[in-house]
Amino acid sequence: MRLQLGVAKFCLAISAVALVAAWPHAQYSAKLITAQDDPASLSDLQIAEALRRDQGMISRQIEAALAAGDADLAGSLVELAGAHRVALPDELTRRVDDAVAADRASAQVATRFATGLVTGQADDLAGLSGTVAGDLFVFGDIRDVIREGKHLATGEAADHLVLGLAAAGIAVTAATYVSVGAAAPARAGLTLVKDARKVGRISEGLAKWAGRSAREVVDAPALQRAVADASLLRPAQTLDAVRAAVRTEKAGGLMRFAKDVGKIGEKAGTRGAFDALKVAENPKDVARAAKLAEAKGGQTRAIIKLLGRGALLLTTGLWNFASWIFSALMMLIGFVTSLKAGTERLTQRWLDRRKRKAAKRALAATKQPEPSIGAASAGAEA
């Protein structure tokens, strides 16, 4: 009995220690699995866990952003720190405020707007405003169609993705005017994707998907004929010819994708959209990024910087999380089983002890000395 009780106590102690060690991981895994379809909740859980392990993580990232001259990212990180109640040094927040103010200076904004308008390349809101303005007035899309089309005609390397997006953009621009701006998110999204492609800020998987979608939307022979006669000096003719080469009935998927990108740019800024396009591998990832941007706004860049694609979905296999939950469940079962076994042994030991005591009392009662016959006779005579 003592050996059995000792084994039960040992198993109880081992199960308790293992359960205490596994329970936090199992609890965290269960929360992640529950939040896997909600990018905002998923990112909150992961950021909170990362900060629990390393409180100085955000401060170091802010310093790195300032050193790289990325005031926008530094401001996003400060906003994220405030949301998670992480105290930052006053001197650091002051430097971020100064950098953001300098980045938004009117002269700088005007310069970036003009650059975006003329070149069609942007990496911030001011530059995007210029590219969107150029695309809304068709100038930007015609410029891109002519440039990439000429490369194609002369046998040079042409970016078919930019060419297809520009052609689709011309068709969407007409829809934007007709619907009084209802198609504006898609228009801005197409511009963002073009710009991301030009500066290499779109993932390979997403670029392949967008390229296939653009080729499905565009009638290649008709587009080549339009490009051959295209000219910035004849914008109306070029516009009609390119628009005729776009199969609008097949543009549904590309337009949904562009709208999601436009939403990200609206809520998280141009660089936030670029960051999302860099980590996203397919349109579903972009749709998740749009949900994240709608919920987190200016924090989006910081979240993507810290978590990468993990901000959009569970990058670790569900089996790893399920294994922690299973392990904790097994430890809990082991703990309860050991507790039950120990309780049974203790109860049995107590019952056996009571039985032994009762037996001793009964044995002692049977061994009481009886009065002798002589003593009994003398008592009677008396």
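Residues numbered from 1 in each chain as written. Predicted model: local features only at pLDDT ≥ 70, side-chain atom pairs only at ≥ 80, totals over all residues. Heavy atoms only, no water.

1. Observations concerning the overall build of the protein chain
Stated formally: Numbering of helices and strands runs from the N terminus, with a helix taken as a DSSP run of H or I at least four residues long and a strand as a DSSP run of E at least two residues long. Between buried and exposed lies partly exposed: a residue is buried under 20% and exposed over 50% of the maximum accessible area for its type, with that area taken using a 1.4 Å probe on protein chains only. Whether two residues are in contact is decided by their heavy atoms: any pair within 4.5 Å suffices. In this description, accessible areas are obtained by the Shrake-Rupley approach with a 1.4 Å probe, and a residue is regarded as covered only by the protein chains that are shown.
When its secondary structure is counted, the protein chain shows 18 helices and 0 strands. By residue count, 41% of the 382 residues in the protein chain fall in the buried class. Considering only contacts in the protein chain between residues 6 or more positions apart, those separated by 24 or more positions represent 72%. With the model as given, the accessible surface of the protein chain reaches about 20,400 Å², and the carbon-plus-sulfur share is 59%.

2. Quick word on the packing of aromatic side chains
For clarity, the threshold we go by: For Phe, Tyr and Trp, where Trp contributes only its six-membered ring, two rings pair if their centres lie within 6.5 Å, and the inter-plane angle classes them as stacked under 30 degrees, edge-to-face over 60, or tilted in between.
Tallying each qualifying case throughout the model produces 1 aromatic pair. Ring geometry for tryptophan 209 and phenylalanine 257: centres 5.2 Å apart, planes at 70°, overall edge-to-face. Of this pair, tryptophan 209 sits in helix α11 (residues 204-217) while phenylalanine 257 sits in helix α14 (residues 252-279), and the two are 48 residues apart along the sequence. The same class applies to tryptophan 209 and to phenylalanine 257, which are both buried.

3. Topic: the side chain of glutamine 46
Mapping glutamine 46 onto the fold places it in helix α2 (residues 39-53). Under the relative-accessibility criterion, glutamine 46 is labelled buried at 17%. Non-local contacts of glutamine 46, meaning those with residues more than four positions away in its chain, are made with Tyr28, Leu32, Leu307 and Gly310.

4. Thoughts on the confidence of the model for the protein chain
Selection rule: For every residue, the predictor assigns a confidence score, pLDDT, that lies between 0 and 100.
Averaged over the protein chain, the pLDDT score is 75; the fraction of residues at 70 or greater is 65%. Overall, residues 177-182 carries pLDDT values under 50, and its contacts beyond four positions in sequence, including any with other chains, amount to 3 contacts.

5. Remarks on the packing of helix α15 (residues 283-296) against helix α16 (residues 300-307)
In plain terms, the rule: For helices, the axis comes from a line fit to the C-alpha atoms of the stretch in contact; other axes are also lines fit to C-alpha atoms, and the angle between any two N-to-C directions lies between 0 and 180 degrees. Comment on the angle field: the value is read as roughly parallel under 35 degrees, roughly antiparallel over 145, roughly perpendicular from 65 to 115, and oblique elsewhere. Each residue is assigned to one of three groups, with Ala, Val, Leu, Ile, Met, Phe, Trp, Tyr, Cys and Pro labelled nonpolar, Asp, Glu, Lys and Arg labelled charged, and all others, Gly among them, labelled polar.
Axis separation between α15 and α16 bottoms out at 9 Å; the angle between their running directions is 130°. Of the possible angle classes, the one that applies to α15 and α16 is oblique. Along its contact with α15, which presents Leu292, Ala293 and Lys296, the element α16 presents Thr300, Ile303 and Ile304. Broken down by class, the residue content of the contact of α15 with α16 amounts to 4 nonpolar, 1 polar and 1 charged.

6. Things to note about the pattern of salt bridges
Our working definition: The rule for a salt bridge is simple: a side-chain nitrogen of Lys or Arg has to be within 4 Å of a carboxyl oxygen of Asp or Glu.
Considering all chains together, one arrives at 16 salt bridges under this definition. With its nearest N and O atoms 3.4 Å apart, the salt bridge here joins arginine 53 to glutamate 49. In this pair, arginine 53 and glutamate 49 are both assigned in helix α2, 4 residues apart and thus about one turn of the helix distant. Arginine 53 sits in the exposed class, given a relative accessible area of 60%. Between glutamate 91 and arginine 94 there is a salt bridge, and its shortest N-O distance comes to 4.0 Å. Here the residue glutamate 91 and the residue arginine 94 both occupy positions in helix α5 (residues 90-103), the gap between them amounting to 3 residues, near one helical turn. It is possible to trace a salt-bridge network through shared partners that takes in Asp70, Asp72, Arg201, Arg271, Asp275 and Arg301.

7. Some words on unusual backbone geometry
In the Ramachandran plot, arginine 85 falls in the positive-phi region, its phi being about 55° despite a non-glycine side chain. One can find arginine 85 in the loop between α4 (71-83) and α5. Under the relative-accessibility criterion, arginine 85 is labelled exposed at 80%.

8. Regarding α15
The periodicity of an α-helix, 3.6 residues per turn, causes residues three or four places apart in sequence to face the same way. Let me state the cut-off plainly: To estimate how far a helix should reach, multiply one less than its number of residues by 1.5 Å.
Its 14 residues place the ends of α15 20 Å apart at the C-alpha level, agreeing with the 20 Å of an ideal helix rising 1.5 Å per residue. For α15, the secondary structure elements touched by its buried residues are α2, α4, α11, α14 and α16. Following α15 by one or two positions, glycine 297 adopts a phi angle in the positive range, close to 55°.

9. What to know about α5
To keep it simple, the criterion reads: The arc in question is traced by the directions running from the helix axis to the C-beta atoms.
Here α5 spans 20 Å end to end across 14 residues, near enough to the 20 Å set by a 1.5 Å rise per residue. If you check which residues of α5 are buried, you get Leu92, Val96 and Val100. For α5, the angular spread of the buried residues around the axis is 70°, confining them to a single face. Turned more than 90 degrees away from the buried face of α5 sit Asp90, Asp97 and Ala101, all of them exposed.

10. A short note on the environment of valine 193
Following the sequence through the fold, valine 193 ends up in helix α10 (residues 184-198). Here valine 193 falls in the buried class, since its relative accessible area comes to 1%. Those residues within four positions of valine 193 in sequence are excluded, and the remaining contacts are Leu165, Ile202, Phe257, Val261 and Leu277.

11. A short note on the nonpolar core
In summary, soluble globular proteins display a tendency toward joint burial of nonpolar side chains. Basically, it comes down to this: Working definition of a nonpolar core: buried Ala, Val, Leu, Ile, Met, Phe, Trp, Tyr and Cys residues. They are joined through side-chain atoms within 4.5 Å.
The biggest cluster of nonpolar side chains holds 75 residues, and the ones touching the most others in it are Ile58, Ile62, Leu254, Phe257, Ile264 and Leu277. Of all the elements, α14 adds the most residues to this core, at 12 residues. Those residues in contact with isoleucine 58 that sit more than four places away from it in its chain are Leu51, Leu77, Leu80, Ala81, Leu88 and Leu306.

12. Here's the deal with the side chain of serine 76
Inclusion rule: Think of a polar contact as two N or O atoms within 3.5 Å of one another; within protein, one of them needs to be a possible hydrogen donor and the other a possible acceptor, and neighboring residues in sequence only count if both atoms come from side chains.
You can see serine 76 is positioned in helix α4. A distance of 2.6 Å separates a polar side-chain atom of serine 76 from the backbone oxygen of glycine 298. Excluding its chain neighbours within four sequence positions, the residues that come into contact with serine 76 are Gly298, Gln299, Thr300, Arg301 and Ala302.

13. A look at the packing of α2 against α15
At a minimum axis separation of 8 Å, α2 and α15 run at an interaxial angle of 70°. Comparing the axis directions of α2 and α15 gives the class roughly perpendicular. Taking contact as the criterion, the partners of Pro39, Ala40, Ser43 and Asp44 in α2 are, on α15, Arg288, Lys291, Leu292, Ala295 and Lys296. Of the residues contributing to the contact of α2 with α15, the split by class is 4 nonpolar, 1 polar and 4 charged.

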